[in-house]
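Residues per chain are reported as follows:
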Amino acid sequence: MPEYKVYYFNVKALGEPLRFLLSYGNLPFDDIRISREEWPALKPTMPMGQMPVLSVDGKKVHQSAAMSRYLAKQVGLAGADDWENLMIDTVVDTVNDFRLKIAVVSYEPDDEVKEKKLVTLNSEVIPFYLEKLDDIARENDGHLANNKLTWADLYFVAILDYLNYMTKSDLTANHPNLQRVVDNVTSIDSIRQWIDKRPQTDISMPMGQMPVLEVDGKRVHQSLAMCRYVAKQIGLAGDNPVEELQIDAIVDTINDFRLKIAIVAYEPDDTVKEKKMITLNSEVIPFYLTKLNVIAKENNGHLVLGKQTWADVYFAGILDYLNYLTKTDLLQNFSSLQEVVNKVLEHENVKAYIAKRPVTEV
């Protein structure tokens, strides 16, 4: 029997169809869940630098539908002939089209644009797909293809929690034939056993991502928004709207710098990455560090307002990560920026935290 490993984050989403299929066939597998902290170091070892990834006897492959199709053949859930396989593929591809249309809206960063897209998604796209899929399930006696259990059923049910999460709804609530598909899959003993034993996942996190800040049981995401909130609670957010604006301008500049570095650091194509590295090291990094160093010098060893703000703490807090991505000591020749960092690190409470925090790779 082959040795199977599934590599994915601690979420259901696109990794769950693989886990469902392996569980259905009672095929032992290593369910390897990668933390966000571990991912940067592991990413270069993955095909196309993405997950989920299936390892079969040490051979790693990607693309969730292709992997699911392969496993379906191993566990007897593929079609009996080319036509049946075509029927299965058309449904799975339709489910994936549906998922992508939802995801484009769910992950839209501009709130105004997202609000407009949600109108069309909820009034047109979701009803259209659910009605069509429900009709297919009715015509196939509670299945999505070929009037019998196939991997199309498992694929749909496995990603349904993710679709519900993105849409903040119960998509099958008013579609009894699709609910029959769900019931037919989740009543299978081996699937039921997997569901009962699988780990709790990060899908409970806002947007399915971290970092997350929890305040009195309420979870929020977006690192800058969370930092800004905490800064207000501890008096590092500025004394008036103008000061808040000045701080935000610096923090957003630092974040722009981080993103420009990250885009290159995580570029999966080595040839493209090598070319981008030239511009990053010769132009982008010197430009930002020189500008920020001048700002720090003008502000007496701070990044704004001539006093300590959350802009200083934010910069000092992500510096190790920036150094890790660039494989350099970014501040080696920028004494005023180093002064900013030193002042943060010399704070008694920050020193106490650093002394006790867990040791990490980054």
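Per chain, residues are indexed from 1 in the order of the written sequence. In keeping with the model being predicted, local features are shown solely for residues with a pLDDT of at least 70 and side-chain atom pairs are shown and tallied solely at 80 or more, while totals for entire chains, interfaces and linings include all residues. Based on all heavy atoms of the structure, the side-chain values leave hydrogens and waters out of the count.

## A look at the sheet that holds strand β1 (residues 4-9)
We apply this condition: Here the rule is simple: two strands pair whenever DSSP picks up at least two bridges between them. The way it works is that DSSP assigns letters per residue, a run of H or I at least four long becomes a helix, a run of E at least two long becomes a strand, and they are numbered from the N terminus. Orientation is described by axes fitted as lines to C-alpha atoms, over the contacting stretch for helices, and by angles from 0 to 180 degrees between their N-to-C directions. In what follows, a contact means two residues having at least one pair of non-hydrogen atoms within 4.5 Å.
Taken in spatial order, the 4 strands make up an open sheet running β2-β1-β3-β4, and their pairing is mixed. Both edges of this open sheet fall to β2 (29-34) and β4 (59-61), since each of them pairs with a single strand only. Here the strands of the sheet are splayed against their neighbours by 20 degrees on average, with no regard to which way each runs. Pairing geometry for strand β3 (residues 53-56) and β4, over 3 bridges, is antiparallel. Each residue of the ladder has a partner; that of Ser55, found in β4, is Lys60. Contacts from helix α3 (residues 64-75) reach β1, β3 and β4 within the one sheet, and its direction differs from that of β3 by about 40 degrees.

## A look at the side chain of Asn146
To keep things clear, this is the line we draw: The term polar contact refers here to a pair of N or O atoms within 3.5 Å; inside protein, the definition further demands a hydrogen-donor-capable atom paired with an acceptor-capable atom, and it admits residues adjacent in sequence only when both atoms are side-chain atoms.
Examined against the element boundaries, Asn146 turns out to sit in the loop between α5 (111-139) and α6 (151-167). A polar contact of 3.2 Å, which involves the side chain of Asn146, links it to the backbone oxygen of Glu84. Ignoring any residue separated from it by four or fewer positions in sequence, one finds Asn146 in contact with Glu84, Met87, Ile88 and Asn140.

## Overview of the layout of surface pockets
Where we set the bar: Cavities and pockets are defined on a 1 Å grid built over the protein atoms alone: a cavity is a set of grid points where a 1.4 Å probe fits but cannot escape, while a pocket is an open set with protein on both sides within 12 Å along at least five of seven lines, and lining residues are those with an atom within 4 Å of any such point. Grid points are joined across faces, edges and corners, and a volume is the space filled by probe spheres set on the points. Residue type decides the class: Asp, Glu, Lys and Arg count as charged, Ala, Val, Leu, Ile, Met, Phe, Trp, Tyr, Cys and Pro as nonpolar, and the leftover types, Gly among them, as polar.
By volume, the second largest pocket amounts to about 380 Å³. Forming the walls of the second largest pocket are 17 residues, and the residues nearest its centre are Pro40, Pro44, Ala265, Tyr266 and Lys273. If you list the elements that add at least two residues to the lining of the second largest pocket, you get α11 (270-298) and α12 (310-326). Grouping the constituent residues of the lining of the second largest pocket by class yields 10 nonpolar, 2 polar and 5 charged.

## Some details on the packing of aromatic side chains
As a reminder, the rule being used: Any two rings among Phe, Tyr and Trp, with Trp reduced to its six-membered ring, count as a pair given centres within 6.5 Å; such a pair is stacked if its planes are under 30 degrees apart, edge-to-face if over 60, and tilted if neither. In this scheme, a residue with accessible area under 20% of its type's maximum is buried, one over 50% is exposed, and one in between is partly exposed, where area comes from a 1.4 Å probe on protein chains only.
Taken as a whole and judged by the stated rule, the model has 9 aromatic pairs. Centre to centre, the rings of Tyr8 and Phe9 are 6.0 Å apart; their planes meet at 45 degrees, and the pair counts as tilted. A relative accessible area of 13% means that Phe9 is categorised as buried. Ring pairing ties together the aromatic residues Tyr8, Phe9 and Trp39, which thus form one cluster.

## As for the packing of α11 against helix α13 (residues 335-345)
So the rule is basically this: The crossing is said to be left-handed when, going from far helix to near helix, the turn is anticlockwise and less than a right angle, and right-handed when the turn is clockwise.
At their nearest, the axes of α11 and α13 sit 7 Å apart, and the two run at 65 degrees to each other. Crossing hand, α11 versus α13: left-handed. In contact with Leu289, Leu292, Asn293, Ala296 and Lys297 of α11, α13 contributes Ser335, Ser336, Leu337 and Val340. Tallied by class, the residues present in the contact of α11 with α13 amount to 5 nonpolar, 3 polar and 1 charged.

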